[in-house]
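Here's the letter readout for the chains.
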Amino acid sequence: MENRLRLAPSPTGLLHIGTARTALFNWLYAKKTNGKFLLRIEDTDTNRSKSEFTENILNGLNWLGLTWDDDLIRQSTRIEIHKSVINKLLDQGFAYRCFTSEEEIKELREEQKLNGLPPKHDNRHRSLTKEEIDKFIAEGRSSVIRFKINDDQEITWEDQIRGEIKWRGKDLGGDMVLSRRSFGYDIGSPLYNLAVVVDDNFMEITHVVRGEDHISNTAKQILIYKALNYKLPIFSHTPLILNSEGKKLSKRDSVTSIDDFKKMGYLPKAMANYMALLGWSVKPDDNEIQNLDEIAKNFELTDVNKAGAKFNWEKLNWINSQHIKKMQVNDLYEIFKKYWQEKAWKPHTNKWGLELTNLLQDSITVLNDIVDQSAPFFVMPNIDNDGEVFLEENSKLSLEKIYELLNQEDIHVNTTVAKNLIDKVSLENSLKKGIVMRSLRVAFFGCLSGPDLVKSWELFSANKDDIKRIQRCLDTN
Ligand code: GLU
């Protein structure tokens, strides 16, 4: 039988890294086992669901390369089916109509709080007679449908990540609400735990992989599966992603949506690679830098850790830079060009643009570094403090001599010529080579750091920018 996995996001916000990582683990396992990865948008909460969030989730998954099989399913198209299942549960005595008002629930909560008890419904309407129900309805009271949960049962399942999980019926908060409030004999809109079971069964989901915050929902859902005589899927609960303080990564951590990472210049490949390592790890001798297909080959749900996974920026940055290094320079050049276009910077020639891309390929961590690091090649940079301090007698002399040589002969400086010029000026004027090189660095970049000097010089020389920049230093005192 084919494995069928799914992501079931609620479109109530931008695609969050936690949801994306859940999608990734589902996708990897489906891929690894030649199964299917399906997508269901859980959009029945009409107050909070928004089509722009659905769009954002779909775009984010596509961007990460987590494409899904078959048509996506919108849960909102299945509401009538969910209601018919609720009716069946009512008919079979697994569920009942409960008229406890909001006010009464509040009172119950307060009483429980006073006694130091956790919130739990007291199932007061579990055994109403037909007459009592009719009477409540005639009085105009609203009702929800509750599913009976017996306190004295134990719900057990073998979780692929956590091993055996046991949950006591009495810790599930009393009889579970299946639908929102309604009046008369109507059934209000079905709620998550009911809809998810009905839809996972309909989609023939074999493996449910989701965050550990759903563990108690799983216990409740197993009861619904059993009542409906549905085949149980295999459950896996992934660890939470934690911030540096060890708390659940939340909106307060400022960067949490996949869009944020995209905007900061992380490559989708690197994001997916990093997210896989949030809870799963490669074999000790394997390279951590892998693409999705490589990860899928080795991925096992049973190898996922139970403990929360700490989000580590340094590691993400390292992974991103490694993926940038691995890119074909032509592909990277296309990305560079987009960043340059936004700044209205034009490469002198395509060859020049490619060479500049090649030069910077190893030094950019995130794509957004492209702007800062390319800037000196397009606009004359200011000279920073360290640069100014450095420009004293010997460095000025270095630059003067180079300037003379460059003007004497109309030469194109390639890397060999550049090296020769540096050697010549240092020898003939008894200047340390380091001084000559650093002087050129200040002239070209306005500071004492930057990419490979001789390669850069070749690029500056293409437009005689080398001469202009040296001249600028000689003109400043
Ligand atoms: N809509 C639920 C959520 O976004 C789905 C959880 C599940 O995978 O069952 O949390």
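Note: the structure precedes this text.
Residues numbered from 1 in each chain as written. Predicted model: local features only at pLDDT ≥ 70, side-chain atom pairs only at ≥ 80, totals over all residues. Heavy atoms only, no water.

(A) View of the overall build of the protein chain. A count of helices and strands for the protein chain gives 20 helices and 12 strands. Taking 23 Å as the expected radius of gyration for a compact globule of 477 residues, we find that the protein chain reaches 32 Å, considerably beyond that expectation. Expressed along its principal axes, the backbone C-alpha trace of the protein chain runs to roughly 110 × 45 × 40 Å. Looking at the protein chain as a whole, 50% of its 477 residues qualify as buried. Within the structure as shown, the protein chain displays about 23,700 Å² of accessible surface, and the carbon and sulfur contribution to it stands at 47%. Positive and negative side-chain charges in the protein chain, numbering 67 and 71 respectively, have mean positions lying 2 Å apart. (Helix = DSSP H or I, 4+ residues; strand = E, 2+ residues; numbered from the N terminus. Rg over C-alpha atoms; globule rule 2.2 N^0.38 Å. Buried < 20%, exposed > 50% of the residue type's maximum accessible area, 1.4 Å probe, protein only. Areas by Shrake-Rupley, 256 points an atom, 1.4 Å probe, with all protein chains shown as cover. Lys, Arg positive; Asp, Glu negative; His and termini not counted. Charge placed at Lys NZ, Arg CZ, Asp CG, Glu CD.)

(B) Fine view of the layout of surface pockets. Within this model, the largest pocket holds a volume of roughly 1,300 Å³. It is helix α1 (residues 17-32) that contributes the most residues to the lining of the largest pocket, 4 residues altogether. Of the residues assigned to the lining of the largest pocket, the class counts are 15 nonpolar, 17 polar and 11 charged. Among the secondary structure elements, those contributing two or more residues to the lining of the second largest pocket are α9 (268-276), α11 (313-326) and α12 (329-342). Sorting elements by how many residues they give to the lining of the second largest pocket places α12 first, with 4 residues. (1 Å grid on protein atoms, 1.4 Å probe; cavity = no way out; pocket = protein on both sides within 12 Å on 5 of 7 lines; lining within 4 Å. Points joined across faces, edges and corners; volume = space filled by probe spheres on them. Nonpolar A, V, L, I, M, F, W, Y, C, P; charged D, E, K, R; others polar.)

(C) Representation of the sheet that holds strand β8 (residues 176-177) in the model. The sheet built from 3 strands is open, its strands ordered β4-β5-β8 with antiparallel pairing. With one partner strand each, in any of the chains shown, β4 (95-98) and β8 form the two edges of the open sheet. Judged from the 4 bridges that link them, β4 and strand β5 (residues 144-147) form a sheet pairing that is antiparallel. If you follow alanine 95 over to β5, its bridge partner there is phenylalanine 147. (Pairing = 2+ DSSP bridges.)

(D) Main features of the sheet that holds strand β3 (residues 73-74). Taking strand neighbours across the sheet as the criterion, the 3 strands line up as β1-β2-β3 in an open arrangement whose pairing is parallel. Either end of the sheet is taken by a strand with one partner, and the two such strands are β1 (4-7) and β3. Packing of α1 onto the sheet brings it into contact with β1 and β2 (36-41), and relative to β1 it is tilted by some 165 degrees. Across the sheet, helix α2 (residues 51-64) is in contact with β1, β2 and β3; its angle to β2 comes to roughly 165 degrees. (Contact = heavy atoms within 4.5 Å. Axes fitted to C-alpha atoms, helices over the stretch in contact; angles between N-to-C directions.)

(E) Examining the pattern of salt bridges more closely. Per the counting criterion, the structure on display carries 29 salt bridges. The salt bridge partner of lysine 31 is aspartate 293, with a shortest N-O separation of 3.9 Å. Placement of lysine 31 in helix α1 and of aspartate 293 in helix α10 (residues 292-298) is noted, with a sequence separation of 262 residues between them. Under the relative-accessibility criterion, lysine 31 is labelled partly exposed at 42%. For the salt bridge of aspartate 171 with arginine 168, the shortest nitrogen-to-oxygen distance reads 3.0 Å. Looking at aspartate 171, the relative accessible area reads 40%, which means it is partly exposed. (Salt bridge = Lys/Arg side-chain N within 4 Å of Asp/Glu carboxyl O.)

(F) Focus on the site of the ligand. Lining the immediate surroundings of the ligand are Arg6, Ala8, Pro9, Ser10, Glu42, Tyr192, Val196, Arg210 and His214. In the environment of the ligand, an oxygen atom lies 2.6 Å from a nitrogen or oxygen atom belonging to the side chain of tyrosine 192. At 2.7 Å from an oxygen atom of the ligand is found a side-chain nitrogen or oxygen belonging to arginine 210. When atom positions are compared with the pocket grids, the ligand is found to occupy the largest pocket. (Near = heavy atom within 4 Å. Polar contact = N/O pair within 3.5 Å; in protein donor to acceptor, adjacent residues only side chain to side chain. Sits in = over half its atoms within 2 Å of the grid points.)

(G) Here's a closer look at empty space enclosed by the protein. Summed over the entire model, instances satisfying the criterion amount to 1 cavity of 30 Å³ or more. Roughly 40 Å³ of volume is contained in the largest cavity. Looking at the largest cavity, the residues that line it are Leu406, Glu409, Asp410, Ile411, Val413, Ser461, Lys464, Asp466 and Ile467. A breakdown of the residues in the lining of the largest cavity according to their chemical character gives 4 nonpolar, 1 polar and 4 charged.

(H) How the structure looks around the state of the cysteines. Counting across every chain of the model gives 0 disulfides. Just so you know, cysteine 473 is unpaired, no disulfide at all, and the nearest cysteine sulfur is the one on cysteine 447, 11 Å from it. (Disulfide = S-S within 2.5 Å.)

(I) Quick peek at unusual backbone geometry. For aspartate 70, which is not a glycine, the phi torsion comes out positive at approximately 60 degrees. Here aspartate 70 shows up in the loop between α2 and β3. For aspartate 70, a relative accessible area of 43% gives the class partly exposed. A positive phi is found at asparagine 123, a non-glycine position, where the angle reads about 55 degrees. The class for asparagine 123 is buried, based on a relative accessible area of 16%.

(J) Representation of the packing of helix α17 (residues 415-428) against helix α19 (residues 453-461) in the model. Running from N to C, α17 and α19 cross one another at 115 degrees; their axes reach a closest spacing of 8 Å. Classified by the angle their axes make, α17 and α19 are roughly perpendicular. In this structure, α17 crosses over α19, and the sense of that crossing is right-handed. Facing Thr415, Ala418, Lys419, Leu421 and Ile422 of α17, the residues of α19 in contact are Leu453, Val454, Lys455, Trp457 and Glu458. Taken together, the residues that form the contact of α17 with α19 break down as 6 nonpolar, 1 polar and 3 charged. (Parallel < 35°, antiparallel > 145°, perpendicular 65-115°, else oblique. Left-handed = near helix turned anticlockwise from the far one by under 90°.)

(K) Summary view of the side chain of arginine 472. Among the secondary structure elements, arginine 472 is positioned in helix α20 (residues 465-475). Although arginine 472 is buried, it makes no salt bridge; glutamate 388 carries the closest opposite charge, 8.4 Å away. Residue contacts for arginine 472: discarding those within four places in its chain leaves Met380, Pro381, Asn382, Ile383 and Ala443.

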